[in-house]
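# Commentary on secondary and tertiary structure
If you want the building blocks of each chain, they are given just below.
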Amino acid sequence: MTVELRPVTRDNFRAVIRLEVGPDQDGFVAPNVVGIAQAYVHPGSEPFAVYADDELVGFVLLQPGERAGDHVLVRLMIDHRFQGRGFGRQALEAAVDHAAREHKAEVVRLSFVPANDRARALYLSAGFLETGELDDTEIVMARRV
Ligand SMILES: CC(C)(COP(=O)(O)OP(=O)(O)OC[C@H]1O[C@@H](n2cnc3c(N)ncnc32)[C@H](O)[C@@H]1OP(=O)(O)O)[C@@H](O)C(=O)NCCC(=O)NCCS
């Protein structure tokens, strides 16, 4: 199964908005319609649809960071029907690769709600480390690329 990031376009944006996390995960991420709106107002944003082969399974939002060399993974979600199959991990790696290759990023940052144990486990095992900072109430992690 090949996991790819493809741009959100006028052809797929409605389907991206229909993607949903599980009912117990609602507090962990904003709905994708908010992510697409964030991309509209933040210069340099890249909203991506995550495809596993040709099936739409998730959403990623990347933005330039405030510090030179930083890139931020603002959003990562896999629809509840497709979770637990390795797509989240592959989408995360694809996002880091994209930031490194296309933006010469040196560091990728992200943050997560403290109760989100699944996201924490994924990020730790992918080499992200806590920076000790909080973004609002969210725990900030970073990885050198
Ligand atoms: C977090 C999320 C992106 C992970 O995507 P996924 O496709 O389900 O995860 P993967 O199948 O790639 O698994 C990656 C890791 O997640 C963890 N994980 C997967 N399923 C899990 C489960 N049922 N319970 C706990 N941890 C689990 C494991 O650490 C796993 O590592 P492994 O590959 O060594 O087993 C996805 O669950 C999601 O969209 N959650 C809701 C939105 C969210 O919380 N996004 C992150 C916000 S910061």
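As the structure is a computational prediction, the values presented were derived from the model and not from experiment. (Residues numbered from 1 in each chain as written. Predicted model: local features only at pLDDT ≥ 70, side-chain atom pairs only at ≥ 80, totals over all residues. Heavy atoms only, no water.)

## Quick word on unusual backbone geometry
Most peptide bonds are trans, and most residues other than glycine sit at a negative phi. Located in the positive-phi region is Lys-104, a residue other than glycine, with phi close to 55°. Mapping Lys-104 onto the fold places it in the loop between α3 (87–103) and β5 (107–112). In this structure Lys-104 comes out as exposed when scored by relative accessible area, which is 61%. Residue Asp-136 is not a glycine yet carries a positive backbone phi of 60°. Along the chain, Asp-136 falls in the loop between β6 (129–135) and β7 (138–144). (Helix = DSSP H or I, 4+ residues; strand = E, 2+ residues; numbered from the N terminus. Buried < 20%, exposed > 50% of the residue type's maximum accessible area, 1.4 Å probe, protein only.)

## Considerations on the site of the ligand
Around the ligand there are 21 residues in total, and Leu-76, Ile-78, Gly-86, Arg-89 and Asn-116 lie nearest to it. Measuring from an oxygen atom of the ligand, one finds a backbone N or O atom of Gly-88 at 2.8 Å. Out of a free accessible area of 930 Å², the ligand has 72% covered by protein chains. Every element with two or more residues in the shell around the ligand is listed here: β4 (70–78), α3, β5 and α4 (117–125). No other element matches the four residues that α4 contributes to the shell around the ligand. (Near = heavy atom within 4 Å. Polar contact = N/O pair within 3.5 Å; in protein donor to acceptor, adjacent residues only side chain to side chain. Areas by Shrake-Rupley, 256 points an atom, 1.4 Å probe, with all protein chains shown as cover.)

## Re the pattern of salt bridges
Going through the model one piece at a time under the given rule, you end up with 10 salt bridges. Salt-bridge contacts for Glu-4 lead to Arg-6; the nearest nitrogen and oxygen are separated by 2.9 Å. Classification of Glu-4 by relative accessible area gives partly exposed; the value is 36%. Several salt bridges converge on common partners, so that one network encompasses Arg-67, Asp-70, Arg-109 and Glu-133. (Salt bridge = Lys/Arg side-chain N within 4 Å of Asp/Glu carboxyl O.)

## Let's talk about helix α2 (residues 32–41)
Each α-helix turn comprises 3.6 residues. Residues three or four places apart therefore point the same way. Residues Asn-32, Gly-35 and Ala-39 constitute the buried set of α2. Seen end-on, α2 carries its buried residues on one side only, within an arc spanning 50°. The exposed residues of α2 that point more than 90 degrees off its buried face are Tyr-40 and Val-41. Residues of α2 that are buried make contact with α1 (13–18), β2 (46–52), β3 (55–64) and β4. (Arc of directions from axis to C-beta. Contact = heavy atoms within 4.5 Å.)

## Digging into the UniProt feature "domain: N-acetyltransferase" (unreviewed entry) in the chain
According to UniProt, the "domain: N-acetyltransferase" (unreviewed entry) feature falls on residues 3–145. Split by type, residues 3–145 is 29% helix and 36% strand. Its first and last C-alpha atoms lie 20 Å apart. (UniProt positions renumbered as here; feature names shortened; annotations may be inferred.)

## Let's talk about the packing of α3 against α4
Between α3 and α4, whose axes approach to 11 Å, the crossing angle comes to 50°. Here α3 lies oblique to α4, going by the angle between them. Relative to α4, the crossing made by α3 is right-handed. Residue-level contacts link Gly-88, Arg-89 and Leu-92 of α3 to Leu-122, Tyr-123 and Ser-125 of α4. Residue classes in the contact of α3 with α4 are distributed as three nonpolar, two polar and one charged. (Axes fitted to C-alpha atoms, helices over the stretch in contact; angles between N-to-C directions. Parallel < 35°, antiparallel > 145°, perpendicular 65-115°, else oblique. Left-handed = near helix turned anticlockwise from the far one by under 90°. Nonpolar A, V, L, I, M, F, W, Y, C, P; charged D, E, K, R; others polar.)

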